[in-house]
Amino acid sequence: MFSENGMASPLDGHVVTAVLAYIQWISHGQRIGMRPEGVGFVDPGPKPRGADRVLGQHIYRTVCASCHGAHGQGARGKPPLWGPKSYNAGAGLAKPKMLAVFVLHNMPANMPGILISKGAWAVAEYVDSEPRSPAARAPDLPLRG
């Protein structure tokens, strides 16, 4: 809701009911309080030397721009990565380490995993240095942290 500047669905509405039913269904057989095996990403480790915005911009232009647009605006049905229609500054992906983990394991979509840690970090540093909307918060919900 916050990272995409979305609106909350009514708690008693069909969307929330459907999401809760799905979570209950995929959780069948899982022990409460135990993390299921295989969940999450591998830590990319500390940012490698030389994983900077200049390298990230080069990788972005040669690998990412064909799907996400030359200016991060989104293209070919893929989401924008910066600008007013992208995730905002409060999103998890607005933290370079989180974006690096995602990129390392999922991008490019047609060949996930081809980037090494240094390349994923560089792309994350570049993408997250570009302008985006500030973090959105509903006025009645406090910031956590």
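Being a predicted model, the structure only gives us computed values, none of them experimental.

### Focus on the overall build of the protein chain
Part 1 of the reasoning: From N to C terminus, the protein chain includes four helices and zero strands.
Part 2 of the reasoning: Counting from the amino terminus, the protein chain carries its helices and strands in the arrangement α-α-α-α.
Part 3 of the reasoning: Looking at the protein chain as a whole, 28% of its 145 residues are labelled buried.
Part 4 of the reasoning: A separation of at least 24 residues holds for 65% of the contacts in the protein chain among residues at least 6 apart in sequence.
Part 5 of the reasoning: By element, 61% of the accessible surface of the protein chain is carried by carbon and sulfur atoms, the whole surface being about 10,200 Å².

### Quick notes on the packing of aromatic side chains
Part 1 of the reasoning: Considering all chains together, one arrives at four aromatic pairs under this definition.
Part 2 of the reasoning: Geometrically, the ring pair formed by Tyr 60 and Trp 82 is tilted, given 5.2 Å between the ring centres and 50° between the ring planes. Taken as a pair, Tyr 60 in helix H2 (residues 53-68) and Trp 82 in the loop between H2 and helix H3 (96-106) lie far apart in primary sequence, 22 residues in all.
Part 3 of the reasoning: Overall, the relative accessible area of 9% leaves Trp 82 in the buried class.

### Remarks on helix H4 (residues 117-129)
Part 1 of the reasoning: With 13 residues, H4 should cover 18 Å at 1.5 Å per step; its first-to-last C-alpha distance of 18 Å lies within 8% of that length.
Part 2 of the reasoning: When you tally the buried positions in H4, you get ten out of 13 residues, the bulk of the element.
Part 3 of the reasoning: Elements in contact with the buried residues of H4: H2 and H3.

### A few points about the packing of H2 against H4
Part 1 of the reasoning: For the pair H2 and H4, interaxial distance at closest approach is 7 Å and the crossing angle is 95°. Judged by the inter-axis angle, H2 sits roughly perpendicular to H4. Together, Arg 53, Leu 55, Gly 56, Gln 57, Ile 59, Tyr 60 and Cys 64 of H2 and Lys 118, Gly 119, Ala 122, Val 123, Glu 125, Tyr 126, Val 127 and Ser 129 of H4 make up the contact between the two elements.
Part 2 of the reasoning: In terms of residue class, the contact of H2 with H4 is made up of eight nonpolar, four polar and three charged.

How each quantity is defined
- Residues numbered from 1 in each chain as written.
- Predicted model: local features only at pLDDT ≥ 70, side-chain atom pairs only at ≥ 80, totals over all residues.
- Heavy atoms only, no water.
- Helix = DSSP H or I, 4+ residues; strand = E, 2+ residues; numbered from the N terminus.
- Buried < 20%, exposed > 50% of the residue type's maximum accessible area, 1.4 Å probe, protein only.
- Contact = heavy atoms within 4.5 Å.
- Areas by Shrake-Rupley, 256 points an atom, 1.4 Å probe, with all protein chains shown as cover.
- Phe/Tyr/Trp six-rings, centres within 6.5 Å; stacked < 30°, edge-to-face > 60°.
- Expected span 1.5 Å × (residues − 1).
- Axes fitted to C-alpha atoms, helices over the stretch in contact; angles between N-to-C directions.
- Parallel < 35°, antiparallel > 145°, perpendicular 65-115°, else oblique.
- Nonpolar A, V, L, I, M, F, W, Y, C, P; charged D, E, K, R; others polar.

All we've got here are geometric facts, nothing functional implied.
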